[in-house]
Protein chains: 8
Amino acid sequence: ARRGFPEVIYGPGKTTAQIREIFTRLARRNANVLCTRTDEAAHLAVREALPDDARAALFFDEAAGLLGLRRDARLRQRGTILVLSAGTSDQKVANEAQRCAEVMGNPVERLADVGVAGLHRLLAELPTLERASVIICVAGFEAALPSVVAGLVHCPVIAVPTSTGYGASFEGLSALLSCLTSCAAGVLTVNIDNGFGAAYAATLINRVGGEAEDSA
Amino acid sequence: ARRGFPEVIYGPGKTTAQIREIFTRLARRNANVLCTRTDEAAHLAVREALPDDARAALFFDEAAGLLGLRRDARLRQRGTILVLSAGTSDQKVANEAQRCAEVMGNPVERLADVGVAGLHRLLAELPTLERASVIICVAGFEAALPSVVAGLVHCPVIAVPTSTGYGASFEGLSALLSCLTSCAAGVLTVNIDNGFGAAYAATLINRVGGEAEDSA
Amino acid sequence: ARRGFPEVIYGPGKTTAQIREIFTRLARRNANVLCTRTDEAAHLAVREALPDDARAALFFDEAAGLLGLRRDARLRQRGTILVLSAGTSDQKVANEAQRCAEVMGNPVERLADVGVAGLHRLLAELPTLERASVIICVAGFEAALPSVVAGLVHCPVIAVPTSTGYGASFEGLSALLSCLTSCAAGVLTVNIDNGFGAAYAATLINRVGGEAEDSA
Amino acid sequence: ARRGFPEVIYGPGKTTAQIREIFTRLARRNANVLCTRTDEAAHLAVREALPDDARAALFFDEAAGLLGLRRDARLRQRGTILVLSAGTSDQKVANEAQRCAEVMGNPVERLADVGVAGLHRLLAELPTLERASVIICVAGFEAALPSVVAGLVHCPVIAVPTSTGYGASFEGLSALLSCLTSCAAGVLTVNIDNGFGAAYAATLINRVGGEAEDSA
Amino acid sequence: ARRGFPEVIYGPGKTTAQIREIFTRLARRNANVLCTRTDEAAHLAVREALPDDARAALFFDEAAGLLGLRRDARLRQRGTILVLSAGTSDQKVANEAQRCAEVMGNPVERLADVGVAGLHRLLAELPTLERASVIICVAGFEAALPSVVAGLVHCPVIAVPTSTGYGASFEGLSALLSCLTSCAAGVLTVNIDNGFGAAYAATLINRVGGEAEDSA
Amino acid sequence: ARRGFPEVIYGPGKTTAQIREIFTRLARRNANVLCTRTDEAAHLAVREALPDDARAALFFDEAAGLLGLRRDARLRQRGTILVLSAGTSDQKVANEAQRCAEVMGNPVERLADVGVAGLHRLLAELPTLERASVIICVAGFEAALPSVVAGLVHCPVIAVPTSTGYGASFEGLSALLSCLTSCAAGVLTVNIDNGFGAAYAATLINRVGGEAEDSA
Amino acid sequence: ARRGFPEVIYGPGKTTAQIREIFTRLARRNANVLCTRTDEAAHLAVREALPDDARAALFFDEAAGLLGLRRDARLRQRGTILVLSAGTSDQKVANEAQRCAEVMGNPVERLADVGVAGLHRLLAELPTLERASVIICVAGFEAALPSVVAGLVHCPVIAVPTSTGYGASFEGLSALLSCLTSCAAGVLTVNIDNGFGAAYAATLINRVGGEAEDSA
Amino acid sequence: ARRGFPEVIYGPGKTTAQIREIFTRLARRNANVLCTRTDEAAHLAVREALPDDARAALFFDEAAGLLGLRRDARLRQRGTILVLSAGTSDQKVANEAQRCAEVMGNPVERLADVGVAGLHRLLAELPTLERASVIICVAGFEAALPSVVAGLVHCPVIAVPTSTGYGASFEGLSALLSCLTSCAAGVLTVNIDNGFGAAYAATLINRVGGEAEDSA
Ligand SMILES: Nc1ncnc2c1ncn2[C@@H]1O[C@H](COP(=O)(O)O)[C@@H](O)[C@H]1O
Ligand SMILES: Nc1ncnc2c1ncn2[C@@H]1O[C@H](COP(=O)(O)O)[C@@H](O)[C@H]1O
Ligand SMILES: Nc1ncnc2c1ncn2[C@@H]1O[C@H](COP(=O)(O)O)[C@@H](O)[C@H]1O
Ligand SMILES: Nc1ncnc2c1ncn2[C@@H]1O[C@H](COP(=O)(O)O)[C@@H](O)[C@H]1O
Ligand SMILES: [Mg+2]
Ligand SMILES: [Mg+2]
Ligand SMILES: [Mg+2]
Ligand SMILES: [Mg+2]
Ligand SMILES: [Mg+2]
Ligand SMILES: [Mg+2]
Ligand SMILES: [Mg+2]
Ligand SMILES: [Mg+2]
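Residues numbered from 1 in each chain as written. Chains lettered and ligands numbered in written order. Predicted model: local features only at pLDDT ≥ 70, side-chain atom pairs only at ≥ 80, totals over all residues. Heavy atoms only, no water.

Q: What exactly am I supposed to notice about helix α2 (residues 40-49) of chain C here?
A: Two residues of an α-helix separated by three or four positions point the same way, owing to the 3.6 residues in each turn. Residues and elements named next belong to chain C. Buried within α2 are the following residues: Ala-42, His-43, Ala-45 and Val-46. Along the axis of α2, the buried residues cluster in a sector spanning 165°; they form a single face. Buried residues along α2 sit against α1 (16-29), β3 (58-61) and β4 (66-70). (Buried < 20%, exposed > 50% of the residue type's maximum accessible area, 1.4 Å probe, protein only. Helix = DSSP H or I, 4+ residues; strand = E, 2+ residues; numbered from the N terminus. Arc of directions from axis to C-beta. Contact = heavy atoms within 4.5 Å.)

See below:
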């Protein structure tokens, strides 16, 4: 992994035993480790296999399927990453983005329930939006949020379309096409439901701004 | 045609001669006639064929390809239909909606250039939005406008996705899916670029509110 | 919620505990509450949590996954919303539309089994069709019903394509495209299986016609 | 070619010279020849190349791009093939079906302008529908016609979806999916715009009923 | 149901209790009844509910999910319907077609395992192909069979694309598009996996050839 | 370019001047050069720019848009590449494959008009098929040919789906999916219309068989 | 089966009993047998049914669902087939390719974890790549590997897109389109997840190079 | 426009007269102006309308359709934006990205012809890659470049899929899906052919790194 980045494992296609083995091996050499899209069984197996001191720094977000070890909690970047989401069903992807961004050493803020159908909630948070150095917008259905947000701020907006929704959402296709065709300049898109990828790219962007003093 | 409605011809697949013949025939029995998706050639042919008194009431919107005869300009409905659009490239569809709604006897208002990437323009028009009885939202690219508008008003919103945009717009697919999956309740969708259909349905909705006094 | 409208919760992505909490909280302030796309477990949890007097007004439609509280049963709108469906497999979406429209204060009529392959059944109901102020057409497979109905009536028709059917139905895509490209003017489309959205929009349309005397 | 069938050439990809050569060569050995999807240039080249006696039996339908030679006009089948269409823009495909069916030796009837949005026109023609042995339904946009027709008759219905329409018609996809998912049993589908294929299959079906006396 | 046709129930969306009730009710008035896409539970419920004499004529094809009652086994049509299939995984659809065609009063023949990758098996059955009055070709994956068969015979070929296959089969899309774009004239297509629809249409075609003597 | 391979230029996006410059530059160092998807203008420009001795070895296939220089005509491979096609409209892609394979130093055979709807033509050529070391099958519409051919031979079959066909051919999608889902083992697929790519891969395969004596 | 090839059964759509019966029957006449896409139940049934001497040569790869009998382990081809894969989730398809290629008598090498995001791993294996006569590249997500590999080697590359990935991977569509549109000449594509098909075609290609001495 | 950003006009849907009027009006108030996707006619009209001093700073890139005015050429950002492309046909999009990035005040570097099929060219430029603060990767066909590049560098990579390619490229869909599903973390995607959007977002990212001294 790159300097200051956690090691990351991609869960699908790996058995519980494989995940325990890889995770604990990486944990020996790295302060921080992430495993995305895994499950409670892997969590328990890893928990049991870790030494006592590491165990305390292990967390598992069940909805997101995110297993993480965060022993080094230094803030390495100066700028704040803001994670936005609208509906409840997008929260697990927003959680993935938030937790990953934290483990990657960023100051992170989070706003939920700021959908465009209730614009006042979003507009009331303008100061929060304005102090972010990068914004991650998690949005399903018609994913109008990234366009509206990018129109309000001066920083890069990473749009994470989600597979929530039904019918013409077509498993996130509707949200994805919206993000890609946003009429507001400054929107960048990652794969459907890819909270991890958004956090990773946001961190890279954040690092363009230089390291935090705390990060040494 | 139903009481108070113009007769409507669908241009594609008809020759100039056919359009002239149908249009002038219908114009003999009807005060108002519309021909959608036709061209300047048909316009000229119809213009020449019409008697002098009708000619003055003939109009042609070249961008929209809309040819219309409006000899009866009574306002038959009470409520106002508001036609909104964001970008320049959506204007021809918005024009089709506006002109059709007028010929169908509705009070019509029009706001252009109110895209979601510049929210202040839209928010400054809240009073206009609030006095409409139906709103037609013409929107291409990611078509976020209908969601935002439906969140601001209490009347039905008819979304007209347009084929403007490029790449992942896929000839209006992106905008269409957005309209259909809007997270804001109260959005109804018509076919891509179908300004006429939006005006027609808006008129039917407007009529639920009863006829104007002027309409007898 | 807007005046006279129930509060509405979207079930997917929420735990049973969350739904119980939100539903009972909203029920304290609102006479009517709806939760769409939820399940029997949430129903039971809410039922147990509600005070005795509210419990009697709680209903659950299992096929539709619709949980509702209807303590205020006043008819707020004058016009009648007619809900039509063809096959058995469309009934759960039609149920959602019907129940939602009722809870929103509309007089509602319902006709099932009026598919276009047996036109006589539909034609025998012409008087029912004609007295509606808005019609909701629930239709799967090739969704020919909205076109036929819109050709027979003078009121707006809201088409709800459904995901029933197999093969080239492609989870409702066939029905959706049919509704959108209807050759009959006056058809407005909502998302696949979106009975709630159809009822909501139908209510907005119905309100253009003014409030019922009973509604005060 | 099979007994009583014309020889058929598929125009696309062939030069005018090739079409003239193939057409005139086939015309030497066959009373009837068809070339589909060709143009006026090929028509003129063939016309010039044919001997005088053949020339009189040559026809060209420009809209359909169908070039045909019909020197043997015997009616070989007993049953009648009925060709139906709704809008003007479907007429060229209906023409292709009709002319091909005629050249293949079938009694053919034709009804245009019988769309489902104006059901009375169609219902007024019930006797015509009932005396057909096979019906070819040419339909664009949402292609509701085949379903309605198949519900009214007892004979096979061949649906020809057309590429007419715009937006969500997606070049005939909407009509195609409708035909394939028709809720009315007895509908068989051919390729988009394939009037020739419909006529060919209708003729095969018609021949199951035995040959006409005239056909010897 | 039309003369000589069984009544048909479409299983999906109906509860076991509903199917038992409809099936037994129809069985009282009709010698033959079919219920497609149902399951063993419905089968057992119907079996128990039927009177002893009917029970003997009840059959259930589990793979096809087809429940049928065939008390009238007269052959009403003269021509033979031939049902072809290639791979094992297409057999359940071919079964549906065969059993439905039988219950509809047709002489039926069946050939399995005649895929185009082993052409000799198919060519060895040329006499069987030639004596059919209609052929139903059930084919998944690339569905090359209908084209090859239609090139060998002089009767109509009904292609039933199936959802078997994986990857680029896209749930039957590959097979469906193949059937629709067959370069061999005389191929007619029904919905993916629609063995019932193929049998129904084949019966209508077969009836163009007149009734069998046995059928009175 | 690899040993014995011509240099290849991809025409689209290049101006005539650029193509002339690149082509003539490459021709100075290479005996053989190919430029795919170019036009007559580029051909003329290159022809004029080449020295007299090279000019004689220049060829241009207009339908294929293939411009080639073949000064070294040695046969470098032993095995024969057989190029098959069915309809006229596939010939330009087959031409591209054939000419490219020749310039790449392979013995090449060509069979046109061997579609599956007329199986006898293909079966009559079995000996030709059997002596090939690789077969390139060019096929549009439903592209059944690769499956049938792969079932008849023991060598690799490269399928080139073409964009010929209309309607449900969807610009080659139907043919492409057919090739990919072929039920016959041994079929390998290249991009739609990619005759060049098929020839290139066939040459690589042919080289596994070792070099011809002539090739030194 | 062709000389030296195992007999192959396609598992889906067959019952455990059918697979046991077919497998054991084929095993009587053939040294080597393969059954793809089957399960542990079929494995156990076959294992029990086989005679003792065969049982030792039976293997089952659970992840791949591949059941195989390999009693004849002679290397029939001279060239080596190299199987490459990147991520863990592609391993089951790579396994299928590897095991099938072995049973078909090829020398096989295998490299896992050589994704393009870590180019050094791949570049370190250049000698392995260069000694292969055919390379099978198994790749999911954006499937960049075949392009990079084909640019490094002089032998044919068979790309096997996999259905791994999520979101815009669309069940392998993304990987499939990448393989088909590879900018590197020499890439041939098989169906998504089709490890068997890749092995089969690679074997055919390998045989162009002639048989190994051991193979008699 | 935001501080230091040029004003930007989107050309499509605007007449030459409109573009001239808007462009010259904006040029009065802004040092820098851009108009994307316009044509030579608009260029000439604007050129004529501009005052002499502005005219010298006007440029037009015909392939990209980009018209720009750059009177303020200060470098406002410190970091370098690197624009990469592979094939000739991607150059016009890369040009758009480069020119826009320059007008937005960034130091810009450009590398063309670094496709993955010739990896050595790319690897030879590692130092150039490493000194960039953001990289814009323009890639058509299978768009493997962003994955390979993101694996080599530590900065954010903006992928611009292009509509170049044919067949299964499906107007850029293949490239788009590749970019979105890149297995290399750190890739962000914009719309197909959206060079402008990539430059805009890259500039926002670059500004996170603070302003250049020259920029005041
Ligand atoms: N949810 C995810 N989506 C995409 N890529 C991921 C995800 N989680 C992890 N990765 C990537 O997968 C790599 C690890 O893959 P693996 O070695 O298969 O576990 C990491 O370096 C990440 O870049
Ligand atoms: N742009 C349009 N989109 C959809 N339907 C239309 C359009 N213009 C006209 N129509 C409908 O087409 C009918 C006339 O069709 P026709 O008789 O073919 O001219 C009218 O009654 C309208 O309902
Ligand atoms: N598998 C099937 N696919 C399509 N239509 C069917 C199928 N099975 C039955 N049907 C049709 O469905 C009708 C009965 O529908 P229902 O009244 O909902 O049971 C029958 O008349 C048939 O025309
Ligand atoms: N028709 C074609 N389809 C795909 N790739 C091609 C085609 N023609 C040429 N190429 C490839 O494009 C490369 C040359 O690209 P360029 O340098 O842009 O001219 C050659 O090395 C070929 O591998
Ligand atoms: Mg912004
Ligand atoms: Mg609203
Ligand atoms: Mg109507
Ligand atoms: Mg019928
Ligand atoms: Mg035939
Ligand atoms: Mg073979
Ligand atoms: Mg190579
Ligand atoms: Mg990187």
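Q: Just to check I follow, could you spell out the site of ligand 1 for this structure?
A: Lining the immediate environment of ligand 1, one finds Val-8, Ile-9, Tyr-10, Lys-14, Thr-36, Arg-37, Asn-194 and Phe-196 of chain A, Thr-88 and Tyr-166 of chain G together with Ala-185 of chain H. Residues within reach of ligand 1 are spread across chains A, G and H. Side-chain polar atom of Tyr-166 of chain G to a nitrogen atom of ligand 1: 2.3 Å apart, as the coordinates give it. Notes on ligand 1: free accessible area 510 Å², of which the protein chains cover 74%. No other element matches strand β1 (residues 7-10) of chain A, which puts 3 residues into the shell around ligand 1. Partitioning the shell around ligand 1 into residue classes produces 6 nonpolar, 3 polar and 2 charged. (Near = heavy atom within 4 Å. Polar contact = N/O pair within 3.5 Å; in protein donor to acceptor, adjacent residues only side chain to side chain. Areas by Shrake-Rupley, 256 points an atom, 1.4 Å probe, with all protein chains shown as cover. Nonpolar A, V, L, I, M, F, W, Y, C, P; charged D, E, K, R; others polar.)

Q: It is not clear to me how the packing of helix α1 (residues 16-29) of chain G against helix α2 (residues 40-49) of chain G should be interpreted in this structure. Could you clarify?
A: Geometry of a packed helix pair, given as the angle between the helix axes and the separation of the axes. Residue and element names in this part refer to chain G. At their nearest, the axes of α1 and α2 sit 9 Å apart, and the two run at 40° to each other. Here α2 runs oblique to α1, going by the angle between their axes. For the pair α1 and α2, the crossing hand works out as right-handed. In this structure, α1 uses Thr-16, Ile-19, Arg-20, Phe-23 and Thr-24 to contact α2, whose residues at the interface are Ala-41, Ala-42, Ala-45, Val-46 and Ala-49. Per-class residue counts for the contact of α1 with α2 are 7 nonpolar, 2 polar and 1 charged. (Axes fitted to C-alpha atoms, helices over the stretch in contact; angles between N-to-C directions. Parallel < 35°, antiparallel > 145°, perpendicular 65-115°, else oblique. Left-handed = near helix turned anticlockwise from the far one by under 90°.)

Q: What's the story with the relation of the copies chain B and chain C in this structure? I'm lost.
A: Relative to chain C, chain B is turned by 180° and slid 0.0 Å along the rotation axis, the superposed coordinates differing by an RMSD of 0.0 Å. Each copy turns onto its partner about a two-fold axis. The C-alpha atom lying nearest the rotation axis in chain B is that of Gly-209 of chain B; the distance is 2.0 Å. When the interface residues of chain B are mapped onto chain C, 100% of them again lie at the interface, so the same face is used by both copies. (Least-squares fit on C-alpha atoms with pLDDT ≥ 70 in both.)

Q: In this structure, what is going on with the interface of chain B and chain C? I would like to understand it.
A: Note: interface size is frequently given as the accessible area lost on complex formation between the parts. Contacts between chain B and chain C engage 28 residues on the former and 28 residues on the latter. Note on chain B versus chain C: buried area summed over both sides is about 2,200 Å², and carbon and sulfur give 70% of it. Taken together, the links from chain B to chain C amount to 0 salt bridges. In this assembly, chain B and chain C are joined by 1 residue pair in polar contact (both at pLDDT 80 or more). Only α7 (145-152), α8 (173-180), β9 (187-189) and α9 (195-208) of chain B provide two or more residues apiece to the side of chain B that touches chain C. For the side of chain B that touches chain C, the element with the highest residue contribution is α9 of chain B, accounting for 8 residues. Of the residues assigned to the side of chain B that touches chain C, the class counts are 17 nonpolar, 9 polar and 2 charged. (Buried area = accessible area lost by both parts, 1.4 Å probe. Salt bridge = Lys/Arg side-chain N within 4 Å of Asp/Glu carboxyl O.)

Q: In this structure, what is going on with the sheet that holds strand β1 (residues 7-10) of chain G? I would like to understand it.
A: Pairing between the strands of a sheet is mediated by backbone hydrogen bonds and can be parallel or antiparallel. Residue and element names in this part refer to chain G. Pairing in this open sheet of 4 strands is mixed, and the strands run β1-β2-β4-β3 from one edge to the other. Either end of the sheet is taken by a strand with one partner, and the two such strands are β1 and β3 (58-61). Averaged over all pairs of adjacent strands, the angle between strand axes in this sheet comes to 15°, irrespective of strand direction. Bridging between β1 and strand β2 (residues 32-36) involves 4 bridges; their strand directions are parallel. Bridge pairing in β2 links Val-8 to Leu-34. Here α1 sits on the sheet in contact with β1, β2, β3 and β4 (66-70), set at roughly 160° to β2. (Pairing = 2+ DSSP bridges.)

Q: Can you walk me through the arrangement of the chains in this structure?
A: There is a clear gap between chain B and chain F: no contact, and 15 Å between their nearest C-alpha atoms. Nothing in chain C touches chain H, and the closest approach of their C-alpha atoms is 20 Å.

Q: Could you clarify how one ought to interpret the domain arrangement of chain A in this entry?
A: Residue and element names in this part refer to chain A. Taken as a whole, chain A is organised into domain 1 (7-70) and domain 2 (81-208). On a C-alpha basis, the centroid separation for the pair domain 1 and domain 2 is 26 Å. Taken residue by residue, the interface counts 12 residues in domain 1 and 11 residues in domain 2. Surface buried jointly by domain 1 and domain 2 totals about 1,000 Å² across both partners, of which 63% is contributed by carbon and sulfur atoms. When the area that domain 1 buries against domain 2 is broken down by residue, the three leading residues are Leu-34, Arg-37 and Arg-70, summing to 36%. Summed over the shared surface of domain 1 and domain 2, the result is 0 salt bridges. Listed by contribution, the elements that provide at least two residues to the side of domain 1 that touches domain 2 are β2 (32-36), β3 (58-61) and β4 (66-70). (Domains from an automatic or database assignment.)

Q: Looking at this structure, how should I read the relation of the copies chain B and chain H?
A: Both copies of the chain are placed relative to one another by a rotation about an axis and a shift along it. Superposing chain B onto chain H takes a rotation of 90° combined with a translation of 0.0 Å along the rotation axis, leaving an RMSD of 0.0 Å. What the superposition gives is, in effect, a four-fold axis relating one chain to the other. It is Phe-170 of chain B whose C-alpha, among those of chain B, lies nearest the rotation axis, at 7.4 Å.

Q: Whenever I open this one, the site of ligand 2 confuses me. Can you help?
A: The environment of ligand 2 is formed by Val-8, Ile-9, Tyr-10, Lys-14, Thr-36, Arg-37, Asn-194 and Phe-196 of chain B, Ala-185 of chain C together with Thr-88 and Tyr-166 of chain D. Bordering ligand 2 are residues originating from chains B, C and D. In the model, an oxygen atom of ligand 2 is placed 2.7 Å from a nitrogen or oxygen of the Lys-14 of chain B side chain. Here a nitrogen atom of ligand 2 sits 2.6 Å away from a polar atom, N or O, in the side chain of Thr-36 of chain B. Protein chains bury 74% of the 500 Å² of accessible surface belonging to ligand 2 in isolation. No other element matches strand β1 (residues 7-10) of chain B, which puts 3 residues into the shell around ligand 2.

Q: Before we go on, may I ask you to explain the pairing of strand β8 (residues 157-161) of chain E in this structure?
A: Here is the key point about a regular strand: its side chains alternate between the two faces of the sheet. Residues and elements named next belong to chain E. The buried fraction of β8 is high, at 5 of 5 residues. With burial as the criterion, each face of β8 is covered, one bearing Val-157, Ala-159 and Pro-161 and the other bearing Ile-158 and Val-160. Examined bridge by bridge, strand β7 (residues 134-139) and β8 share 5 bridges and lie parallel to one another. Its bridge partner being in β8, Ala-139 is matched across the sheet by Pro-161. Taken together, β7, helix α7 (residues 145-152) and β8 form a β-α-β motif whose crossover is right-handed. Across 3 bridges, the pairing between β8 and strand β9 (residues 187-189) is parallel. (Right-handed = clockwise from strand over helix to strand, strands pointing away.)

Q: Quick question: what am I supposed to make of unusual backbone geometry here?
A: At Ala-143 of chain A, a position not held by glycine, the phi torsion is positive, near 45°. Among the structural elements, Ala-143 of chain A can be located in the loop between β7 (134-139) and α7 (145-152). For Ala-143 of chain A, a relative accessible area of 2% puts it in the buried group. Positive phi, close to 45°, is recorded for Phe-141 of chain F, a residue that is not glycine. Secondary-structure assignment places Phe-141 of chain F in the loop between β7 (134-139) and α7 (145-152). You can call Phe-141 of chain F buried: its relative accessible area is 15%.

Q: Please explain the interface of chain B and chain H as it appears in this structure.
A: At the interface, 8 residues of chain B touch 11 residues of chain H. For the pair chain B and chain H, the summed buried area comes to about 790 Å², and 61% of that belongs to carbon and sulfur atoms. Among the residues chain B hides against chain H, the three largest losses belong to Thr-88, Tyr-166 and Phe-170 of chain B. Together they make up 66% of the total. Our count for the contact surface shared by chain B and chain H stands at 0 salt bridges.

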